[in-house]
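# Reading the structure
So you can see what is in the structure, the chains are spelled out below.
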Amino acid sequence: MTILKVTVEDEQADNLRKLLQEVPFVKNIEEENLTDNNKIKITESSYERIKKILDEAKGKNLFKDIEDPSEWQREIRKEWERDF
């Protein structure tokens, strides 16, 4: 058996409950009301996290000292290939 947790807006909870009650393989419906203190944080997708990081980095000139990006990458790869 699998347990699924679903978070819905308060005004839609009744609609979802009615819908689930009609599904023959749903065995039990438990309800938990969340307050502001214990609301579930919706996880961001990888894309959203990367976009957020890039947006925060805009205008900071993080790589201003790199004159030739291709050469810089080659040097990094050489470090990876070193035998320590």
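Above: the structure in question.
Quick caveat, the model's predicted, so the values are computed rather than measured.

## Focus on the overall build of the protein chain
Across its full length, the protein chain carries 3 helices and 0 strands. The order of α-helices and β-strands along the protein chain, N terminus first, is α-α-α. The buried share among the 84 residues of the protein chain stands at 1%. Surface exposure of the protein chain reaches about 9100 Å², of which carbon and sulfur atoms provide 51%.

## Re helix α2 (residues 46-57)
The end-to-end C-alpha separation of α2 is 17 Å, in line with the 16 Å expected for 12 residues at 1.5 Å each. Downstream of α2 by one or two residues, G59 has phi in the positive range, about 80°.

## Points about a nonpolar patch on the surface
A cluster of nonpolar side chains, namely L4, V6 and V8, defines an oily patch on the protein surface of about 310 Å² accessible area. Secondary-structure assignment places L4 in the segment before α1 (10-21). The exposure class of L4 is exposed, given its relative accessible area of 73%.

## Brief notes about unusual backbone geometry
The backbone of N61 shows a phi angle near 50°, a positive value even though the residue is not glycine. Its location among the elements puts N61 in the loop between α2 and α3 (69-81).

## Examining the pattern of salt bridges
A complete count under the given rule lists 6 salt bridges for this structure. A salt bridge links R17 to D14; the shortest N-O distance between them is 2.5 Å. With a gap of 3 residues between them, R17 and D14 both fall in helix α1, about one helical turn apart. When its relative accessible area of 22% is taken as the criterion, R17 is described as partly exposed. On the basis of relative accessibility, which here comes to 42%, the residue D14 falls in the partly exposed class. Shared partners join several salt bridges into a network, and the residues in it are D14, R17 and E31.

Rules used throughout
- Residues numbered from 1 in each chain as written.
- Predicted model: local features only at pLDDT ≥ 70, side-chain atom pairs only at ≥ 80, totals over all residues.
- Heavy atoms only, no water.
- Helix = DSSP H or I, 4+ residues; strand = E, 2+ residues; numbered from the N terminus.
- Buried < 20%, exposed > 50% of the residue type's maximum accessible area, 1.4 Å probe, protein only.
- Areas by Shrake-Rupley, 256 points an atom, 1.4 Å probe, with all protein chains shown as cover.
- Expected span 1.5 Å × (residues − 1).
- Patch = residues over 30% accessible without salt bridge, like charges linked within 9 Å, V, L, I, M, F, W, Y side chains within 5 Å.
- Salt bridge = Lys/Arg side-chain N within 4 Å of Asp/Glu carboxyl O.

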